[in-house]
Amino acid sequence: MGRERTRFGAWGRGLTFAGAALVASAFAGACGSDDAEELRRANLAEGCLLNTDCNSPLVCAFRKCHTECNEQRDCPDGELCVPTDKPFKVCMFESEQQCDFNSQCPERFKCVFGKCRPECKTAKDCVPDQACAEGSCAVQAEVDENGRLINSQDASPVGNSCVYHSDCEGELKCIGGACLPECKTGEDCASGVCSATGSCVTGVPDGGAGPGACANGVKDAAESDVDCGGACGACAGAACTKPSDCASHVCTAQKCSAPSCGDGLQNGTESDIDCGGTSCPKCPAPKGCWTASDCAEGKCAAGTCTTPGCTDGTKSGNETDVDCGGGQCSPCADGKGCGANADCSSGACVAKTCKPAGPATWVEAIVGTPRVVADPTGNLVAAGTFVTGQDIGGVPLNSSGGNELFVAKLTPAGASLWVVRLGGTGDDQLVDVSVDSKGNVIVAGNTNNGASFDKPLGCATRGMFAIKLSADKGSELWSRCISVPAASADGEQYSVGVDAADEVYVGGRFYGTFSFGSTQLFEANWAGYLAKYSGVTGAVAWARPLKTINGGSVGAGPRALLGDGTNVLAVGEFISTLDLVGKQLVSTVAVTSDVYVARFSGADGAVMEARRFGDAGNDLGRDLSKDGAAGLLIAGSFVGQVDFGSGQVVANQGNTDAFLLKLDAATLTTAWAKGFGSSAFDYGVSVAAKGSGEVAFTAEIGGAVDFGGGPVQHVGSSDLVLARFNPQGGHLYSKSWGHISADSPTSVAWVGSALGLAGKYSGGSLDFGTGPLPAAKTAFFAHLVP
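Conventions used here
Residues numbered from 1 in each chain as written. Predicted model: local features only at pLDDT ≥ 70, side-chain atom pairs only at ≥ 80, totals over all residues. Heavy atoms only, no water. Helix = DSSP H or I, 4+ residues; strand = E, 2+ residues; numbered from the N terminus. Buried < 20%, exposed > 50% of the residue type's maximum accessible area, 1.4 Å probe, protein only. Contact = heavy atoms within 4.5 Å. Areas by Shrake-Rupley, 256 points an atom, 1.4 Å probe, with all protein chains shown as cover. Pairing = 2+ DSSP bridges. Axes fitted to C-alpha atoms, helices over the stretch in contact; angles between N-to-C directions. Disulfide = S-S within 2.5 Å. Salt bridge = Lys/Arg side-chain N within 4 Å of Asp/Glu carboxyl O. Phe/Tyr/Trp six-rings, centres within 6.5 Å; stacked < 30°, edge-to-face > 60°. Lys NZ or Arg CZ within 6 Å of the ring centre and 35° of its normal. pLDDT = per-residue confidence, 0-100. Core = buried A, V, L, I, M, F, W, Y, C linked by side-chain atoms within 4.5 Å.

Trainee: In this structure, what is going on with the overall build of the chain? I would like to understand it.
Mentor: Scanning the chain from N- to C-terminus turns up two helices and 51 strands. Counting over 786 residues, the chain shows a buried share of 54%. Of the contacts made within the chain by residues no fewer than 6 positions apart, 44% connect residues no fewer than 24 positions apart. Taken as a whole, the chain presents about 31,900 Å² of accessible surface, with 51% of it coming from carbon and sulfur.

Trainee: How should the sheet that holds strand β28 (residues 476-483) be read in this particular structure?
Mentor: Here four strands make up an open sheet; going across it, the order is β25-β26-β27-β28 and the pairing antiparallel. Two strands in the sheet have a free side with no partner beyond their single neighbour: β25 (428-435) and β28. Across the sheet, the mean angle from the axis of one strand to that of its neighbour is 15 degrees, orientation sign disregarded. As paired strands, strand β27 (residues 463-469) and β28 are joined by seven bridges and run antiparallel to one another. Residue pairing for β28: A466 is matched across the bridge by R480.

Trainee: Help me understand the state of the cysteines, please; the structure alone is not making it clear to me.
Mentor: By definition, a disulfide links the sulfur atoms of two cysteines through a covalent bond. Tallied over the full model, the rule gives 18 disulfides. Each disulfide pairs two cysteine sulfurs, and for C338 the partner residue is C349, the sulfurs being separated by 2.1 Å. As the torsion about the S-S bond is roughly 90 degrees, the C338-C349 disulfide counts as right-handed. Of the two residues, C338 is situated in the loop between β15 (304-305) and β16 (349-350) and C349 in strand β16; the sequence distance between them amounts to 11 residues. The two residues C338 and C349 agree in class, both being buried. Between C344 and C354 runs a disulfide, and the two sulfur atoms are separated by 2.1 Å. The sign of the S-S torsion, about -85 degrees, decides the handedness of the disulfide formed by C344 and C354: left-handed. Separated by 10 residues along the polypeptide, C344 in the loop between β15 and β16 and C354 in strand β17 (residues 353-354) bring together distant segments of the chain.

Trainee: What exactly am I supposed to notice about the pattern of salt bridges here?
Mentor: Opposite charge on two side chains permits them to pair, given that their charged atoms come into close proximity. If you walk through the whole model with that rule in mind, you get 22 salt bridges. Linking K242 and D245 is a salt bridge whose minimum nitrogen-to-oxygen distance equals 3.1 Å. Here K242 falls in the partly exposed class, since its relative accessible area comes to 31%. Measuring nitrogen to oxygen at the nearest pair gives 2.2 Å for the salt bridge that ties E609 to R599. Of this pair, E609 sits in strand β38 (residues 607-613) while R599 sits in strand β37 (residues 593-600), and the two are 10 residues apart along the sequence. For R599, a relative accessible area of 4% translates into the label buried. Via salt bridges that share partners, D564, R599, E609 and K626 belong to a single interconnected network.

Trainee: How should I be thinking about the sheet that holds strand β18 (residues 362-366) in this particular structure?
Mentor: Across a sheet, paired strands are connected by hydrogen bonds in the backbone, their directions being either parallel or antiparallel. Strand order in the open sheet formed by four strands is β18-β51-β50-β49, and the pairing between neighbours is antiparallel. Strand pairing shows two members of the sheet lacking a second neighbour, β18 and β49 (744-751), which therefore form its edges. With strand direction ignored, the average angle separating the axes of adjacent strands in the sheet is 15 degrees. Pairing analysis gives six bridges linking strand β50 (residues 754-760) to strand β51 (residues 779-784), with the strands arranged antiparallel. Paired with A758 across the two strands is F781, which belongs to β51.

Trainee: Help me out: how do you make sense of the side chain of T411 in this one?
Mentor: Mapped onto the fold, T411 is located in the loop between β23 (404-410) and β24 (416-422). Among the residues examined, T411 registers a relative accessible area of 12% and is labelled buried. Filtering out sequence-adjacent residues up to four positions away, T411 remains in contact with W362, N379 and L417.

Trainee: What is the right way to look at the packing of aromatic side chains in this model?
Mentor: Aromatic ring pairs: the centre-centre distance and the angle between the two ring planes describe each pair. Following the criterion strictly, the structure yields 20 aromatic pairs and no others. Here a set of aromatic residues connected by ring pairs shows up, and it is made of F510, F514, F516 and Y529. Above the plane of the ring of Y494 lies R559, whose end atom (NZ or CZ) is 4.0 Å from the centre. The ring of W750 is capped by K690, whose NZ or CZ atom sits 4.8 Å from the centre of that ring.

Trainee: Looking at this model, I keep getting lost on the environment of D274. Mind explaining?
Mentor: Mapped onto the elements of the fold, D274 is located in the loop between β13 (255-256) and β14 (300-301). Those residues within four positions of D274 in sequence are excluded, and the remaining contacts are S260, C261, G262, D263, G264, L265, C280 and P281.

Trainee: What am I meant to see in the pairing of β51 here?
Mentor: Strand residues, when the strand is regular, have side chains that alternate between the two faces of the sheet. Counting buried residues along β51, six of its six residues qualify, which places the element largely inside the surrounding structure. Burial of the side chains of β51 extends over both faces: A779, F781 and H783 are buried on one face and F780, A782 and L784 on the other. When β18 meets β51, the two strands line up antiparallel, connected through five bridges. Across the sheet, E364 pairs through a bridge with F781, a residue of β51.

Trainee: Explain the side chain of S637 here, please?
Mentor: One can find S637 in strand β40 (residues 631-638). Judged by its relative accessible area of 2%, S637 falls in the buried class. Setting aside anything within four residues of it in sequence, one finds S637 in contact with N618, D619, L620, T656, D657, A658, F659, D682, Y683 and G684.

Trainee: I tried to follow the confidence of the model for the chain on my own but got confused; where do I start?
Mentor: As a general rule, the predicted coordinates of low-pLDDT regions are not to be interpreted in detail. For the chain, the mean per-residue pLDDT works out to 84, and 86% of the residues sit at or above 70. Scored below 50 in pLDDT, residues 1-38 makes 92 contacts in the model with residues more than four places away or belonging to other chains. Note that residues 152-156 has pLDDT below 50 and, in this model, 15 contacts with residues that lie over four places away or in other chains.

Trainee: Just to check I follow, could you spell out the nonpolar core for this structure?
Mentor: When a protein is soluble and globular, its nonpolar side chains tend to lie buried together. Among the nonpolar cores identified, the biggest contains 22 residues, and V506, F514, F516, Y529 and Y533 are the most heavily contacted of them. Of all the elements in the fold, those that place two or more residues in this core are β26 (441-447), β27, β28, β29 (490-498), β30 (504-516) and β31 (519-533). Sequence-distant contacts of Y533, defined by excluding residues within four places in its chain, comprise A466, W478, R480, I482, E503, V504, V506, G538, A539, V540 and A541. Formed by 19 residues, the second largest nonpolar core is a distinct cluster that contains V571, F613, I634 and F638.

Listed below in structure tokens is the structure:
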């Protein structure tokens, strides 16, 4: 039944929907003559069965002719604009509204303060100019400042708090601190129940009387069982034709069902839908209540469960700090405790503490191998591999087997927008992450045991996968896997990229027979591959090999991919001859690798342009990025003396050095090239270019290296470096971090005017200005404000 807060008027008059005699006489007159002009039409308030029985424009409702209405103001004072069981509303007469019991009212109406009123949950269920007060529709004049119905019969709301009888008006008495109808026996009460305190049980919430007779958990005199029978409605098992026949309002297979705590209704002794009362779980705030015992927080005020209080000077209820947070109290100030972003006035909950909303330098230490990328709205996306249970962005993650993946989206202040875990019982490895124009995230990796994600992946055991996650909450949109088919084949994925149409490209290396959708590739020796997926469905659009002749195990797989309009740019390395079908590149020496950069058609994967850079040593291409002026930046490493296309040789300082190269993205011609090195091993790892042309570059160094501002400090076996350059290659900034063990970067990204940086470390002495990273961790991702 609807919310049982009905207050029965002890002095209301019984309501009968009379008028059958008038209708009969009207029909008798019609049958006695064939003259249409002699047909009698009923006037306002006269009896009827059909609209045609009433004089137009009157309509028939509740067996009487009524005036139609759209809003309350269409009706005279005292009449109520109400819905009918037909597709119109009418002005309900005062005499029709009078009642003592719900059973005297039409279906979906209830008797409140002696008036039949439409039931409601919100004001949207009532006609305009009416309010929804305590579960029934009323005109505004009948509702007090607290949103409760005023008892027009005694000019004082039943249940008002009081100290003396004189505080209550009319016939009400002050009983138990509330204005209530006085009684000696149940015969004195419209509800038929007189409580032990000498007051009629009226259904006043939190007034000391509890729910009405039909929801008090007691078999009253007028009932055939507890809270059913008689005026309360049929008991469970009785025959029914509609829900309103039953005390529970549940009619199934023409039989009344008992009320339950999961039927989506407020019935039985419940104080709100499926909660409160004697048998259901306690209600959370702000659900309805009869008494404090109905509420999970133990407080019932004006019929509503509330929290213990947001001004009591204690951390109570759902509060995340003293008198703030938790959804019921005001958001917390900076420095206060929090559990989610909504708990903070800044909207930034970082490590369970409210932080200022603006861009901030922060670092999160983890276990695994992370990468970072920016989304279009300036948030940082971090993804990586983890082994054991750990906390990412304040969200605990646990592995179900070996290595698994995490993906997190965080605000510039470091607050987590969402964090998801991906993986199965085997080892799953992240290799790259990218973001499309809508902020959706695509991750690529390898699995050795058929990683299981939300949607069917198609990897029986080993394979190379790509997964697309939604921008709003990281839910899986699609996932695809290219399975390693047999022991005679092998493969691994290196990279993922997205073009301007949000189509997805993946690259790696393989040998043997592989099926990319309906396209089957076969190479007897290691070769690279490039494949395109539909950004919408994940279906394979095409796949093509990047063949090498006598190329050994390098395979020429793209180490990084970047959308170029609706085409795609790739960078990597190859040995001997790279056959791109229409374009061949030959390395300087047949047994060492050179760098290649190439543009492929998004339509079919055909090569459009390609270039080679290298010398007699092993030269590696590792990352690429574009600026807003069509400049293409490439990061990698080289050995020897290399002409990167400018006609000027970049000299190596000893062993392997890092390089940073800028090309014209349209023609792949060289703008400038720089080398950075020491007598030890130094590697260019990642590059990111802003729209303005400023470049961020990361490297792993084995000695003191000069990036243009003087040699940066070198501490341990390898250190990580972050350097920035202007569009012309001029040095702006360079700094190293490291200690006695190995430290290295994995990726860098511009996040608005800040920088996202990810890497690995060991030993725990790295400090980005926020304190030393813990020795128990092995990796980090950071948001750095230059």
